[in-house]
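Observations on chain architecture
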4 protein chains.
Amino acid sequence: MRITTAGESHGKGLFCIIEGLPSQLFVDCEKINAALARRQSGYGRGARQKIESDRVEILSGVRNRYTLGSPVTLAVFNRDYSNWEAYMAAEGCDTAARRLTKVRPGHADLAGLLKYGGDDARNILERASARETAVRVAAGSVCRGLLEELGVEIAGYVKAVAGVEDAAQYSFEQIRNGRLSELGMLDTDLQRAAMKKIDFCKETGDTCGGTVELRVKGLKSGFGSCMTYREKLDARLCAALLSVQAIKGAEVGIGFDTAALFGSEVHDEIYKEGGVYRRKTNRAGGIEGGMSNGEEIILRAAMKPIPTLMKGLGTIDYVTGEEARAAAERSDVCAIAACEVILESALACALCEVVLERLGGDNMTEVKERYGRLP
Amino acid sequence: MRITTAGESHGKGLFCIIEGLPSQLFVDCEKINAALARRQSGYGRGARQKIESDRVEILSGVRNRYTLGSPVTLAVFNRDYSNWEAYMAAEGCDTAARRLTKVRPGHADLAGLLKYGGDDARNILERASARETAVRVAAGSVCRGLLEELGVEIAGYVKAVAGVEDAAQYSFEQIRNGRLSELGMLDTDLQRAAMKKIDFCKETGDTCGGTVELRVKGLKSGFGSCMTYREKLDARLCAALLSVQAIKGAEVGIGFDTAALFGSEVHDEIYKEGGVYRRKTNRAGGIEGGMSNGEEIILRAAMKPIPTLMKGLGTIDYVTGEEARAAAERSDVCAIAACEVILESALACALCEVVLERLGGDNMTEVKERYGRLP
Amino acid sequence: MRITTAGESHGKGLFCIIEGLPSQLFVDCEKINAALARRQSGYGRGARQKIESDRVEILSGVRNRYTLGSPVTLAVFNRDYSNWEAYMAAEGCDTAARRLTKVRPGHADLAGLLKYGGDDARNILERASARETAVRVAAGSVCRGLLEELGVEIAGYVKAVAGVEDAAQYSFEQIRNGRLSELGMLDTDLQRAAMKKIDFCKETGDTCGGTVELRVKGLKSGFGSCMTYREKLDARLCAALLSVQAIKGAEVGIGFDTAALFGSEVHDEIYKEGGVYRRKTNRAGGIEGGMSNGEEIILRAAMKPIPTLMKGLGTIDYVTGEEARAAAERSDVCAIAACEVILESALACALCEVVLERLGGDNMTEVKERYGRLP
Amino acid sequence: MRITTAGESHGKGLFCIIEGLPSQLFVDCEKINAALARRQSGYGRGARQKIESDRVEILSGVRNRYTLGSPVTLAVFNRDYSNWEAYMAAEGCDTAARRLTKVRPGHADLAGLLKYGGDDARNILERASARETAVRVAAGSVCRGLLEELGVEIAGYVKAVAGVEDAAQYSFEQIRNGRLSELGMLDTDLQRAAMKKIDFCKETGDTCGGTVELRVKGLKSGFGSCMTYREKLDARLCAALLSVQAIKGAEVGIGFDTAALFGSEVHDEIYKEGGVYRRKTNRAGGIEGGMSNGEEIILRAAMKPIPTLMKGLGTIDYVTGEEARAAAERSDVCAIAACEVILESALACALCEVVLERLGGDNMTEVKERYGRLP
């Protein structure tokens, strides 16, 4: 399976093609739209999210709500394209307007201009924008549907916002059912404190980020590989998280904490229960030797604060070469709640790819049967 | 460029093929052997490292010390294969001996047996072993040679061992020149404290890990991509680190710390100096929008303690199904110094791949010229 | 560069995403539409071609007629989707109608049903249909634009139809300028004879195919590789031709004729003219040792007769298991003229991929400069 | 599964790594050596083949004759390396000797020098040489072992030599059992005539080629894809054949002949026999819609005459720029018998890759079970 995304932030829309899905997979547009809505929600989001109320349109690969085995094309059309057509149209448009030359720190603007040429960062930011993730969330929802038919579930929550951290341990069920709407945290008091931080940022024209914890339940052991370094499950899943805009770190299980502990405090002893191998603890986060071990997969990622500050940041005007303040292209203060949804989606896409590589299979009957037969 | 590794821990040796290297690249066996020696050094290593004094043998792709443009095959033959031939030979051997059935926590043993079948974890651990990295270090040394011809250097050091952390900031030159031999740290006192921790582990039959910081100097901007999520430089480089055995987390720049700070404390303001764009700070670790930005690349990785404890860990005998203590296959207490070398190599391999994708080029003259022309 | 296509014959349309194109490439919709029109033209085509007058729509990756360096999404919407929506809609439709169960010899119907499940070959043929090539022709036109900026041109003609063969040798210019509109042949008398054959097929409810010859002019030497079997230029270009529906054979230069000749009659002697290496003959078709050698690339492909015959073919009803006559889903008698256009496009796509792998480059300025510097 | 080859003609040897093989696959060195011997046999071969009596050595991935699931490394060491070490050694050698500057028509020499630089075609021909196929034959033998465990067999024969063609149709069994030793043809009289042609070439200092027909028996339907053009079975298998040195054309079923026939003469009508779908004829060569259809796969390839003629060919000295006669590096007159073995191997490798992509599976038990369950 391979997912290819395309589309610009203010272009006609965002698009993706999912190759290699089996036939007979049920595709539920309402589920996809619900995921798209979750991506747009969250305390601290700006005006743009109100304009856009994303809906998926399936352009190919699905007939009467089931996949055909042919490539699935998903589209999330930009509602406000009509307002941008004059400046973005492929066939011809006014590129003198809507220019951005005060390259913004923390964005792709400067490196992008040096790489792709020209002097209008509009041509860079339109694709580099996290708007790209809209269609990855749509694809992730399809992948999630496949995983759920195998009994594999994904859940996540916001663990920390701007330093307000929830140190508690939660069960998969607590995470799946307990996620609070505004910010995706699990503890009401901590979330209230986090929202105060966000309010403070809004007042001071600043921004903030946070950390997200993700879990995968029901994945059998043996996904990934201990034989080829390129196929290590931890490397592939973390790479998926790090491919999401603004993510600066990823870890598995207790992650960086392992570095400070003794082996006897880190490794998970094995026992057998009803013929099934289990671990007494799960500090490994469900991955040993580059493979799933049957326990819950636990991943954590860190999101940096949104790089566009209302207060502006010092930079250079790419055209005049003079010092300048970076313009604020959009006004989110904190997108951690959306980021959590996006990370769940990126994880679903990567995991689905790993699962189908191992199972092969042309249709869901085969895929489910093969998964069922795994030890 | 693509690197494929092969080989078992007690088999004939470790092997790799590097496809897609340009011709005319100077390959220095002594440099490779020096890297292999560094990989085997370090306080806290066990007896095995003494047995093996690794030397590279070039089997193809190089003539008179220069690459031909054909695939380069590297071999690191196992010195003690003669002692293992009777139990490992491909053509036929005694598999009743040297069996391992008490599956070891923290290793690939259990998931591997369930995945690949049989009941002798020897068949799993032989490949899953970190011995595989010997040939990745050899390949990394070749890649490093290419990068150095472009003026791109890599350096790293051990930042923390078993909780003894060096919080200081160091320049690239300090790291490259200041690395202490025993453990790869930069501060003598902290290293002494770390070595005490390792001694304590040895006494108590325990193990420990640590963290490593890596830097890349001289890389121009624009490597990686803001256009395709699969090609984000941060995702690709961190995946390379996470593909190394025992690595449980990776971060870029200030990484996880970004989650607790405000945007104004995180993003690096841009200025221009002598026609060159620079950042006042480098919290981004040299990567913005999935691309290098011309500043130093800064990466950090966490290594878990070695999972084989002399004191043993509770587990199950895969054959009898009875409770057991995991056997100690080897006796390293801490391999963080080796891990640092391996991570430098994995980074060199991944970076070389990214660089050649952008530059193309069939021979080093072309590659250097193209790199020189980049902004 | 990578081209991913999607879409069903009677679905919303055909779609593709082109990843890895440099920025600053001029994209001319009129050229693309002209290519689409050529694909629909040709003596012997059926009613369907009249219904559909294909037009490309660029959904992403292009702004003001130049690529951004982001993935380019092309769409060719199906004009008659409104008539099919009730039977094809992704969100829900009537699958009881428009069923095809008399599996058609020469089509994917039977193997597809066994592979993907279900009992309605409609779910197979919708994607297997050569309608898929509409968007490959669109992509090919974009790739061709890039190649032309490097001075690389592609031309082709129909060499034989239903046994009426044009044995003459033609120059690149004769082919590019002399292509006759009705059938894409170069000789008026032979084309008239070929058209008679097609008329005969129409009368008898039969079909016919033919052969196509393709040429590439202006490609420098060294594209492809003699170092890696997977990258042999002949293998890659012929695979592109064979990936087109109904193609049963492909050859390079004098191809199969080489098998009957002596070495002294086959190989092209080398001489030097004005500092440039040339061949006295070009029986190798411009490819030696898996690489272009600077001479014209010459390829030939064989197209089988269209497998849907009005007279029908004996088969089995997949549902009832009874003997049946295959239904005629569409009524082309000969599509060789369209096939020639499609093969040019498939060749352009594959060649563009090979060219960009060697050149790398992020924008057209770089790409052109690098090509210009090649020997 | 992925096969990577390496090695030079007069270097230490030829090497390959096969990634992605399941565990528990029986690997029979004697079978591999038998295939290597067949590759070296055949009427019309030169002295080199006597020097080298190739034997495989398994360097990794196999223990006690069964695969471990880890990458399999195969080596075919060059017996006469000792005579070449002084001119080929990686660590340092005399490159002033054994130079080749009279670039040979039909070889990679000239394009290779322009691409990889330098002025000694020795650096090009060492890898471009068909000697590379030794290790592909070894890999092919391993892949064949896997296919045979699934009941999939491959056989081939030499259909024509220098214009002496065997027009008869043969059954799979006739081909498998009837192959004559000297030249790999099936008809004694025709082979005698072909050998006369080869004698004539030897006398006149000329060379010749021929055509090979390959068959695959026992492959179930549905391998390959009608959904993605890149995965069409015909394209992938023919590309494998065309990746073999000296192959200038490939076709499926009746191939190029389809172009001259009517649809009613080409397509294979379907019937059902004992619940199994069959074709009354097999002009499609077992592939419809880019997928296997359950009938025998039939492929044909054309080999050009060996480009090194004792009589020499006109060329240019790359160093002096003066006209010259190309030197004869080796003295085969006809290698069609070897080519047939190599093509069988290349086909086995490509087919094994396709099969494992569809089946997935970590060990042979799983792979066989999944294949058995396919319709």
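Residues numbered from 1 in each chain as written. Chains lettered and ligands numbered in written order. Predicted model: local features only at pLDDT ≥ 70, side-chain atom pairs only at ≥ 80, totals over all residues. Heavy atoms only, no water.

**Remarks on the relation of the copies chain B and chain A**
Heads up, the condition is: Superposing the copies works by least squares over the C-alpha atoms of residues that have pLDDT at least 70 in both of them. Contacts are assigned to residue pairs that have any heavy atoms within 4.5 Å of one another.
Placing chain B over chain A gives an RMSD of 0.0 Å and needs a rotation angle of 180°, together with 0.0 Å of translation along the axis. Viewed as a symmetry operation, the transformation between the two copies matches a two-fold axis. Taken together, the interface assignments show that 100% of the residues at the interface of chain B recur at the interface of chain A, consistent with an identical surface on both copies.

**As for the sheet that holds strand 6 (residues 72-77) of chain D**
All names here are of chain D. Filter applied, for reference: DSSP bridges decide pairing: two strands pair if at least two such bridges lie between them. Put simply, DSSP H or I for four residues or longer makes a helix, DSSP E for two residues or longer makes a strand, and each gets a number counted from the N terminus. The axes used here are C-alpha line fits, helices contributing only the stretch in contact, and every angle between their N-to-C directions lies in the interval 0 to 180 degrees.
As summarised here, the arrangement of the four strands in space is 1-2-6-3, forming an open sheet in which the pairing is antiparallel. If you trace the sheet from one side to the other, it starts and ends with strand 1 (2-7) and strand 3 (57-60), each paired once. Within this sheet the neighbouring strands show an average axis-to-axis angle of 20°, counted without direction. Here strand 2 (residues 13-19) pairs with strand 6 via six bridges, running antiparallel. Pairing of F15 across the sheet is with A75, part of strand 6.

**Things to note about the relation of the copies chain C and chain D**
What connects the two chain copies is a rotation about an axis and a shift along it. In screw terms, the move from chain C to chain D is a rotation of 180° and a rise of 0.0 Å along the axis, fitting with an RMSD of 0.0 Å. Here 100% of the contact residues of chain C are again contact residues in chain D; the copies associate through an equivalent surface.

**Observations concerning the pairing of strand 10 (residues 247-252) of chain A**
Note on strand geometry: in a regular strand, side chains alternate between the two faces of the sheet. Going by this rule: Only protein chains enter the accessibility calculation, which uses a 1.4 Å probe. A residue is then buried if its area is under 20% of the maximum for its type, exposed if over 50%, and partly exposed in between.
By the criterion of burial, strand 10 of chain A is predominantly enclosed, with six of the six residues buried. The sheet contact formed by strand 10 of chain A and strand 15 (residues 297-303) of chain A spans five bridges and is antiparallel. What sits directly across from G249 of chain A, in strand 15 of chain A, is A302 of chain A. As paired elements, strand 10 of chain A and strand 10 (residues 247-252) of chain B share three bridges and run antiparallel to each other. The partner of A250 of chain A across the bridge, within strand 10 of chain B, is A250 of chain B.

**Concerning the nonpolar core**
Which entries qualify depends on this criterion: We define a nonpolar core as any set of buried Ala, Val, Leu, Ile, Met, Phe, Trp, Tyr and Cys residues linked to one another through side-chain atoms lying within 4.5 Å.
Ranked by size, the top nonpolar core spans 180 residues in total, and within it I18, L74 and V161 of chain A together with I18, L74 and V161 of chain B carry the most contacts. Counting 178 residues, the second largest nonpolar core, distinct from the first, contains C16, L183, C201 and F223 of chain D.

**Examining helix 12 (residues 364-373) of chain A**
Inclusion rule: Regarding the arc, it is the one traced by the directions from the helix axis to the C-beta atoms.
Taken together, the buried positions of helix 12 of chain A are occupied by M364, E366, V367, R370 and Y371 of chain A. Considered in projection along helix 12 of chain A, the buried side chains sweep an arc of 160° and stay on one side of the axis. Relative to its buried face, helix 12 of chain A has exposed residues pointing more than 90 degrees away, namely T365 and G372 of chain A. Packing partners of the buried residues in helix 12 of chain A comprise helix 6 (133-149) and helix 11 (336-359) of chain A together with helix 11 (336-359) and helix 12 (364-373) of chain D.

**Observations regarding the interface of chain C and chain D**
Stated formally: Two parts placed together each lose some accessible area under a 1.4 Å probe, and the buried area is that loss summed for both. Between Lys or Arg on one side and Asp or Glu on the other, a salt bridge is scored when a side-chain nitrogen of the former is within 4 Å of a carboxyl oxygen of the latter. Distance and chemistry together define a polar contact, namely a pair of N or O atoms within 3.5 Å, with one atom able to donate a hydrogen and the other to accept it when in protein, and with adjacent residues in sequence counting only for side-chain atoms on both sides.
At the junction of the two partners, chain C supplies 98 residues and chain D supplies 98 residues. Taken together, the two surfaces of chain C and chain D that pack against each other cover about 7,500 Å², and 63% of this comes from carbon and sulfur. When the buried surface of chain C facing chain D is broken down by residue, Y229, K248 and H267 of chain C rank first, second and third, together holding 11% of it. In this assembly, chain C and chain D are joined by two salt bridges. Inspection of the region where chain C meets chain D yields 35 residue pairs in polar contact (both at pLDDT 80 or more).

**Description of the interface of chain B and chain A**
Rules: Under the convention adopted here, Pro, Cys and the residues Ala, Val, Leu, Ile, Met, Phe, Trp and Tyr are nonpolar, Asp, Glu, Lys and Arg are charged, and Gly plus all remaining residues are polar.
Counting from both sides, the interface comprises 98 residues of chain B and, opposite them, 98 residues of chain A. Summed over both partners, the interface of chain B with chain A comes to about 7,500 Å²; 63% of that surface belongs to carbon and sulfur atoms. For the pair chain B and chain A, the number of links is two salt bridges. Residue R325 of chain B is joined to E269 of chain A by a salt bridge in which the shortest nitrogen-to-oxygen separation is 4.0 Å. Here chain B and chain A share 35 residue pairs in polar contact (both at pLDDT 80 or more) between them. Residues of the side of chain B that touches chain A, tallied by class, amount to 48 nonpolar, 27 polar and 23 charged.

**A look at the side chain of E251 of chain B**
Structurally, E251 of chain B is set in strand 10. Here the side chain of E251 of chain B touches R300 of chain B through a polar contact of 2.5 Å, side chain to side chain.

**Quick look at the pairing of strand 12 (residues 276-279) of chain B**
Residue and element names in this part refer to chain B. Residues of strand 12 alternate between two faces, with Y277 and R279 buried on one and V276 and R278 left unburied on the opposite face. Bridging between strand 11 (residues 270-273) and strand 12 involves four bridges; their strand directions are antiparallel. If you follow Y271 over to strand 12, its bridge partner there is R278. Taking the residues between adjacent antiparallel strands as the criterion, strand 11 and strand 12 are bridged by two residues, where G274 takes a positive phi near 55°.

**Things to note about the environment of R127 of chain D**
Residue placement: R127 of chain D occurs in helix 5 (residues 122-128). Along the chain, R127 of chain D and S9 of chain D lie 118 residues apart, while their C-alpha atoms are 6.3 Å from each other.

**Some words on helix 8 (residues 188-204) of chain C**
Residues and elements named next belong to chain C. Threshold: Here a helix's expected span is defined as the number of its residues, less one, multiplied by 1.5 Å.
Its 17 residues place the ends of helix 8 24 Å apart at the C-alpha level, agreeing with the 24 Å of an ideal helix rising 1.5 Å per residue. By the burial criterion, the buried members of helix 8 are Q191, A194, M195, I198 and C201. The arc that holds every buried residue of helix 8, seen down its axis, measures 110°, which confines them to one face. In helix 8, the exposed residues that point more than 90 degrees away from the buried face are D189, K196 and E203.

**Quick word on the packing of aromatic side chains**
Filter applied, for reference: Each pair of aromatic rings taken from Phe, Tyr and Trp, with Trp reduced to its six-membered ring, is defined by centres within 6.5 Å and is described as stacked if the planes are under 30 degrees apart, edge-to-face if over 60, and tilted in the remaining cases. For a ring to carry a charge above it, either NZ of a lysine or CZ of an arginine must fall within 6 Å of the ring centroid while also lying within 35 degrees of the normal to the ring plane.
Under the definition given, this model contains 30 aromatic pairs over all chains. A ring pair is formed by W84 of chain B and Y87 of chain B, whose centres lie 6.4 Å apart and whose planes are at 85°; its orientation type is edge-to-face. Here W84 of chain B and its partner Y87 of chain B are both found in helix 3 (residues 81-88), three residues apart, which amounts to about one turn of the helix. We note R136 of chain A situated over the ring of Y229 of chain B; from NZ or CZ to the ring centre the distance is 4.2 Å. Note that K220 of chain C overlies the ring of Y371 of chain C, its terminal NZ or CZ placed 5.2 Å from the centroid.

**Considering the packing of helix 1 (residues 29-40) of chain B against helix 6 (residues 133-149) of chain B**
Residue and element names in this part refer to chain B. Note the cut-off: In these notes the angle categories are as follows: under 35 degrees is roughly parallel, over 145 is roughly antiparallel, 65 to 115 is roughly perpendicular, and the rest is oblique. Crossings are assigned a handedness: left-handed for a near helix turned anticlockwise from the far helix by less than a right angle, right-handed for a clockwise turn.
Contact geometry of helix 1 with helix 6 gives a least axis separation of 9 Å together with a crossing angle of 135°. It follows from the interaxial angle that helix 1 and helix 6 lie oblique. For the crossing formed where helix 1 meets helix 6, the hand is right-handed. Taking contact as the criterion, the partners of K31, I32, A35, L36 and R39 in helix 1 are, on helix 6, T133, A134, V137, A138, S141, V142 and E148. Considering only residue class, the contact of helix 1 with helix 6 consists of seven nonpolar, two polar and three charged.

**With respect to unusual backbone geometry**
Phi angles above zero are rare outside glycine, and A162 of chain A is one such case at about 45°. On the secondary structure map, A162 of chain A appears in the loop between strand 7 (153-161) and strand 8 (164-165). According to the relative accessible area criterion, A162 of chain A is buried, its value standing at 2%. Its identity is not glycine, yet R98 of chain D carries a phi of approximately 55°, on the positive side. Here R98 of chain D lies in the loop between helix 3 (81-88) and helix 4 (109-116).

**A closer look at the pattern of salt bridges**
All names here are of chain D. Tallied over the entire structure, the rule returns 156 salt bridges over all chains. Of the charged contacts in the structure, one is a salt bridge between R38 and E340, with a shortest N-O distance of 3.1 Å. Within this pair, whereas R38 is found in helix 1 (residues 29-40), its partner E340 is found in helix 11, the two being separated by 302 residues in sequence.

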